[in-house]
Amino acid sequence: MEHQFLPSYTLGEDAYDAVPQICGEFGKTAVIIGGNKARAAAEEDLRKSCKGKLEITDSLWYGDDATFENADALKQHESVQKSDMIFAVGGGRAIDTVKKTAGEMNKPLFVFPTLASNCAPVTAVGAYYYPTHAFRSVWYAHRPSYHTFINTRVIAQAPTEYFWAGIGDALSKQYEVEFSSRGDELSYSRGLGVQLARNCSEGLLRYGEEALKAVEKNEVNKDVDYVVQNIICSTGIISNLVPEDYNSSLAHALYNSHTGTPHEGKHLHGAVIAWGVLVLLTMDKQFEERDKMYQFCKNTKLPHKLAHIGLTDPTELVKNALTKPDLRKTAYPVTEEMVLKAIYDLEKLG
């Protein structure tokens, strides 16, 4: 028996108006859990949409990172235990924390992303870290959120760097899924996911720059709508259709290694991922795709050099990356020498 839950979502500047109708059939009470800045950005409008129709019983901070410990702590709150449903508000780490809490408590989860930084709002998978902020593991809920409400006005008013990094993260989906699945005989759902992945990057490269310009002015337009759906929904639908071994590859292995490798400065997930995709495309000799993305990264100031992710010597980064589960399934054996060569070849560009 195979179960397949695909995401459903509402998108628009008035997306929260749909909350009572969609969530009302699951109960009468909800608890909000999210980041401090995220709740400040979204909670007032969310409460207004629920007034007289759904009772918001509490509003809680999720913690400082997506950890098992924070997810467990939330389960101890009386308001969480008594609520009919849980509203996760924020970015990827807040959403993933609440995803685990709701999943283990078997409570309906509804998601309200305040950032377009990754596909966490519509996926069943979450990425988790140790309290030291080093990567720990992934965890799967039995299904994604019951519904996701994407308020594009809230997203456009968030710091632009998260939207910028979200584009970088979304650019990985096409290339990592294709690389991981290459040569396999695919089931229906896996084949559908791989086919969808092949359409991910074109729209980002076409509309990404104009969308960034709009978000820098806190504006919403058709480019923003398109890119937000690509970052959150396209990549998320694919993640729900394909297995874990297809969902990530070298770019994510390099990022997960980066979290535990000494480096200068702070670097967002999607920014490091963008650089990792360039490394993957170089190693895989997809030079035409690499060059298109390289130019896009230059235009948008996404990382395309080692220095942009705070490193000068990639040796430790690569050694650690090769131990990550992201590289369990590859089109061919990936060696330290191959990755290092790709990194240094990338350094010569431009």
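Cut-offs used in this document
- Residues numbered from 1 in each chain as written.
- Predicted model: local features only at pLDDT ≥ 70, side-chain atom pairs only at ≥ 80, totals over all residues.
- Heavy atoms only, no water.
- Domains from an automatic or database assignment.
- Contact = heavy atoms within 4.5 Å.
- Buried area = accessible area lost by both parts, 1.4 Å probe.
- Salt bridge = Lys/Arg side-chain N within 4 Å of Asp/Glu carboxyl O.
- Polar contact = N/O pair within 3.5 Å; in protein donor to acceptor, adjacent residues only side chain to side chain.
- Helix = DSSP H or I, 4+ residues; strand = E, 2+ residues; numbered from the N terminus.
- Nonpolar A, V, L, I, M, F, W, Y, C, P; charged D, E, K, R; others polar.
- Axes fitted to C-alpha atoms, helices over the stretch in contact; angles between N-to-C directions.
- Parallel < 35°, antiparallel > 145°, perpendicular 65-115°, else oblique.
- Pairing = 2+ DSSP bridges.
- Core = buried A, V, L, I, M, F, W, Y, C linked by side-chain atoms within 4.5 Å.
- Buried < 20%, exposed > 50% of the residue type's maximum accessible area, 1.4 Å probe, protein only.

Caption draft 1: Broad picture of the domain arrangement of the protein chain. The domains assigned to the protein chain are domain 1 (9–157) and domain 2 (160–348). Between the C-alpha centres of domain 1 and domain 2 there is a distance of 25 Å. Facing 27 residues of domain 1, the contacting portion of domain 2 comprises 25 residues. Together, the buried faces of domain 1 and domain 2 total about 2100 Å²; carbon and sulfur atoms form 65% of this surface. Three residues stand out in domain 1 for area buried against domain 2, namely Ala-116, Phe-135 and Ala-156, and they jointly supply 24% of the buried area on that side. Counting every contact that joins domain 1 to domain 2 gives zero salt bridges. Joining domain 1 to domain 2, the criterion identifies six residue pairs in polar contact (both at pLDDT 80 or more). Secondary-structure elements contributing two or more residues to the side of domain 1 that touches domain 2 are β1 (9–12), β7 (135–140) and α6 (152–157). Looking at the side of domain 1 that touches domain 2, the element that brings in the most residues is α6, giving five residues. Its residues assigned to classes, the side of domain 1 that touches domain 2 comprises 18 nonpolar, six polar and three charged.

Caption draft 2: View of the packing of helix α7 (residues 160–181) against helix α12 (residues 250–258). Two numbers describe how α7 lies on α12: the axes approach to 9 Å, and their chain directions differ by 135°. By the angle class used here, α7 and α12 are oblique. Of α12, the residues touching α7 (which contributes Asp-169, Ser-172 and Glu-176) are Leu-250, Ala-251 and His-252. Looking at the contact of α7 with α12 residue by residue, the classes come out as two nonpolar, two polar and two charged.

Caption draft 3: Region of interest: the sheet that holds strand β3 (residues 55–61). Taken in spatial order, the six strands make up an open sheet running β1-β8-β5-β4-β2-β3, and their pairing is parallel. The sheet is open, and its two borders are formed by β1 and β3, each paired with just one other strand. Between one strand axis and the next, the sheet turns by 15° as a mean value, whatever way the strands run. Here strand β5 (residues 109–113) pairs with strand β8 (residues 147–151) via two bridges, running parallel. Bridging from a neighbouring strand, Phe-110 pairs with His-147 of β8.

Caption draft 4: Spotlight on the nonpolar core. If you look at the biggest cluster of nonpolar residues, it comprises 65 residues, and the most contacted ones within it are Phe-163, Ile-167, Ile-231, Ile-232, Trp-275, Val-279 and Met-293. Considering every element that reaches this core, the biggest residue donor is helix α13 (residues 269–283), with 11 residues. Here this core gathers at least three residues from each of two domains, domain 1 (9–157) and domain 2 (160–348). Look past the residues within four positions of Phe-163 in its chain and what remains in contact with it is Ala-116, Ile-155, Ala-211, Leu-212, Val-215, Val-227, Val-228 and Ile-231.

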